[in-house]
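The primary structure of each chain is shown beneath.
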Amino acid sequence: MEITCKKFDYKERLDEQRELFVDCFPENLGTAVIGKEHYMWKFQSFPIDGKKSYEYIATDEKENIVGYYAAIPYQYDIDGKVYTVAMVCDVMTSSKCRGAGIFTKLGRYSTDEYAKEGLAFSTGYPIRKAVIPGHMKVGWKIAFELPLYMHFISSSSLFAEKGKKWLSFFANPFIKLYAMLCSKRIKKGIDILTYNKFEDIKGYEDFETEWRKSVKNSLIKDAAFMKWRYGAPEKKYKFVCAYKGNKLIGLSTIRAIVKEGVPSYGILDFMVLDEHKDAINTLHSALKSTAKENGREALMMIMSRNMRKYYNLIGNGYLRSPFTFNFIIKKYDDSISDEKLFNEKNWHLMFVDSDDL
């Protein structure tokens, strides 16, 4: 098969790209994610000057699109200096052409183009082990793992999905007992407020500026980014905020999802200011209460081992699941040391850093 790689023109070929998306991600059928409106939000509305996205395709001899490779220009503060980074997402190869080397060829072409565009490095969050070798062939490196941690409130839907609902009558008492053993005293003087719109959060700008100073490699989550990130068509988020007086000292973003038949809250972000670590357990308690009040049976988030300790996940009843994301990097700017990029302790990564949820 003769493959040609080139830039993607959404004005001319968006219908074909959407068809390829459904072919590669059929689990999204019936959701807003497959629509053109979602594409336009994700790839054509990012709130920074310049290009909104970097998109490339592979075509066959008949000019059919058989591969797609895209990135969004996230901005990171790396030890005090701001870099524009290619957050790679929606990598696709037609189901009819797999095994023909398209993934490797398009991956090499696209990342070479990112380097030419002046992007500092690429980030990726693959969960399927099968794609890792293809990334490694074109220069990506695994930085560290991001395990998926889960806190169960009930097992009813989990066992019902497996046709063994009766098991929940035995499991649920143990879940409740474990939750009681992991419960923490709520710190007095900390108020929890929950918002349905980011714009309603008070004191966010000062909070984000202070939070970023405590993280060596931090995603710039200013107001413009937050409005974009949580503005996907037909998706709704909650912002659970911790205040001490009028000062915002902690924030967690959640979204109602269903995974493996279990109604859950996916935790996209969890931030607490360094000088207010006493708010960590209080914020965890607030998330659990919010889940119970809204009929959610589990909480789930990705987090590095280092962050897991900092945020006391195990002490708050979270368990490591069998699922693990890999944080991978391909560096283009040699002025950034490997020590800065590949040291797990320098990062504060969660779903918000990816395009997931």
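Structure: see above.
Note that the structure is predicted; figures quoted are calculated from it, not measured.

**Let's talk about unusual backbone geometry**
For step 1, the next point in the chain: Phi is positive for Glu 63, which is not a glycine, with a value near 70 degrees.
For step 2, the next point in the chain: Relative to the helices and strands, Glu 63 is located in the loop between strand 2 (54-59) and strand 3 (65-78).
For step 3, the next point in the chain: According to the relative accessible area criterion, Glu 63 is partly exposed, its value standing at 34%.
For step 4, the next point in the chain: We note that Leu 357 has phi near 60 degrees; this positive angle belongs to a residue other than glycine.
For step 5, the next point in the chain: On the secondary structure map, Leu 357 appears in the segment after helix 11 (338-342).

**Description of the pattern of salt bridges**
For step 1, the next point in the chain: Taken as a whole, this structure holds 17 salt bridges when the rule is applied.
For step 2, the next point in the chain: Residue Glu 275 is joined to Lys 247 by a salt bridge in which the shortest nitrogen-to-oxygen separation is 3.6 Å. Pair noted here: Glu 275 is in the loop between strand 11 (262-272) and helix 9 (280-293) and Lys 247 is in strand 10 (residues 247-259), with a separation of 28 residues, a long-range link.
For step 3, the next point in the chain: A network of salt bridges, in which partner residues are shared, links Lys 6, Arg 13, Glu 16 and Glu 63.

**Details of the pairing of strand 2**
For step 1, the next point in the chain: Burial analysis of strand 2 places six of its six residues in the buried class, the great majority of the element.
For step 2, the next point in the chain: Residues Tyr 54, Tyr 56 and Ala 58 line one face of strand 2 and the alternating positions Glu 55, Ile 57 and Thr 59 line the opposite face, and both faces are buried.
For step 3, the next point in the chain: Two strands pair when backbone bridges link them, and strand 1 (residues 4-7) and strand 2 are joined in this way by four bridges, in the antiparallel orientation. Its bridge partner lying in strand 2, Cys 5 is registered against Ala 58.
For step 4, the next point in the chain: Looking at chain direction, strand 2 and strand 3 are connected through six bridges and run antiparallel. Looking at strand 3, one finds that Thr 59 is bridged to Ile 65.
For step 5, the next point in the chain: Linking two consecutive strands that pair antiparallel, namely strand 2 and strand 3, is a turn of five residues; a positive phi of about 70 degrees is found at Glu 63 within it.

How each quantity is defined
- Residues numbered from 1 in each chain as written.
- Predicted model: local features only at pLDDT ≥ 70, side-chain atom pairs only at ≥ 80, totals over all residues.
- Heavy atoms only, no water.
- Helix = DSSP H or I, 4+ residues; strand = E, 2+ residues; numbered from the N terminus.
- Buried < 20%, exposed > 50% of the residue type's maximum accessible area, 1.4 Å probe, protein only.
- Salt bridge = Lys/Arg side-chain N within 4 Å of Asp/Glu carboxyl O.
- Pairing = 2+ DSSP bridges.

Just distances and angles here, no functional claims.
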